[in-house]
Structure formats: structure tokens, C-alpha cells
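Reading the structure
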Amino acid sequence: MDDDGLFDLQAADFAPLQTTGPRLALLTLEEAHDLLRLLVTIAQEAGPVSLEADRLAREIAARIPSEN
């Protein structure tokens, strides 16, 4: 067996990438912290989207460094 083509990406059979729409540019760290503060504020209110805001706030907080 010839190992030269073992990692040949052209020969590999990949599923096509499915996208649901155009992707946005990454947020700056400052923008991410602003969004996190907004989500935490919404999550603390007793409203119809407070649970979803709390979930999103936790997801974002786990992915960005703290402000300190």
C-alpha cells in the first residue's frame, strides 16, 4: 500500500458543509462583555426570555476571559 495518498484531502470523501446563512464577523472582547452584561440583565428579570438569556450568558461567559 502506498502511504503517500493516505492523507490526500482531494481523495477523501467529505460531506458538503451545510450553512444556514452568512456568518457574522467575530465580536471584539469589549463587544462580548457588553453583550454578556445585557444578557445577564435580561436574565435577572422575570420575563419570557429570561431563561434563554441566562443560558446564552452562561455560554458566552464560559468562552471569554474575564474583564479583570
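Residues numbered from 1 in each chain as written. Predicted model: local features only at pLDDT ≥ 70, side-chain atom pairs only at ≥ 80, totals over all residues. Heavy atoms only, no water.

**Points about the overall build of the protein**
- Check the secondary structure of the protein and you find two helices and zero strands.
- A buried classification covers 12% of the 68 residues belonging to the protein.
- Element-wise, carbon and sulfur atoms account for 57% of the exposed surface of the protein, whose accessible area totals about 6,600 Å². (Helix = DSSP H or I, 4+ residues; strand = E, 2+ residues; numbered from the N terminus. Buried < 20%, exposed > 50% of the residue type's maximum accessible area, 1.4 Å probe, protein only. Areas by Shrake-Rupley, 256 points an atom, 1.4 Å probe, with all protein chains shown as cover.)

**Overview of the packing of helix α1 (residues 29-44) against helix α2 (residues 50-63)**
- Closest axis-to-axis distance for the α1/α2 pair is 8 Å, and the angle between their directions is 150°. α2 is crossed by α1, and the crossing has left-handed handedness. Taking contact as the criterion, the partners of Ala 32, Leu 35, Leu 36, Leu 39, Val 40, Ile 42 and Ala 43 in α1 are, on α2, Ser 50, Ala 53, Asp 54, Leu 56, Ala 57, Ile 60 and Ala 61.
- Counted by class, the contact of α1 with α2 contains twelve nonpolar, one polar and one charged residues. (Axes fitted to C-alpha atoms, helices over the stretch in contact; angles between N-to-C directions. Left-handed = near helix turned anticlockwise from the far one by under 90°. Contact = heavy atoms within 4.5 Å. Nonpolar A, V, L, I, M, F, W, Y, C, P; charged D, E, K, R; others polar.)

**Brief notes about the side chain of His 33**
- Within the fold, His 33 resides in helix α1.
- Take His 33: its relative accessible area is 7%, and that puts it in the buried class.
- In this structure, His 33 is in contact with Ile 64, Pro 65, Ser 66 and Glu 67, ignoring residues within four places of it in sequence.

**Things to note about the nonpolar core**
- Ala 32, Leu 36, Leu 39, Ala 53, Ala 57 and Ile 64 together form the largest nonpolar core, which totals six residues.
- When contributions to this core are tallied by element, the ones reaching two or more residues are α1 and α2.
- At three residues, α1 tops the list of elements feeding residues into this core.
- Beyond its immediate stretch of four places on either side in the chain, Ala 53 contacts Leu 39, Ile 42 and Ala 43. (Core = buried A, V, L, I, M, F, W, Y, C linked by side-chain atoms within 4.5 Å.)

Function cannot be read off these values alone, since they describe shape.
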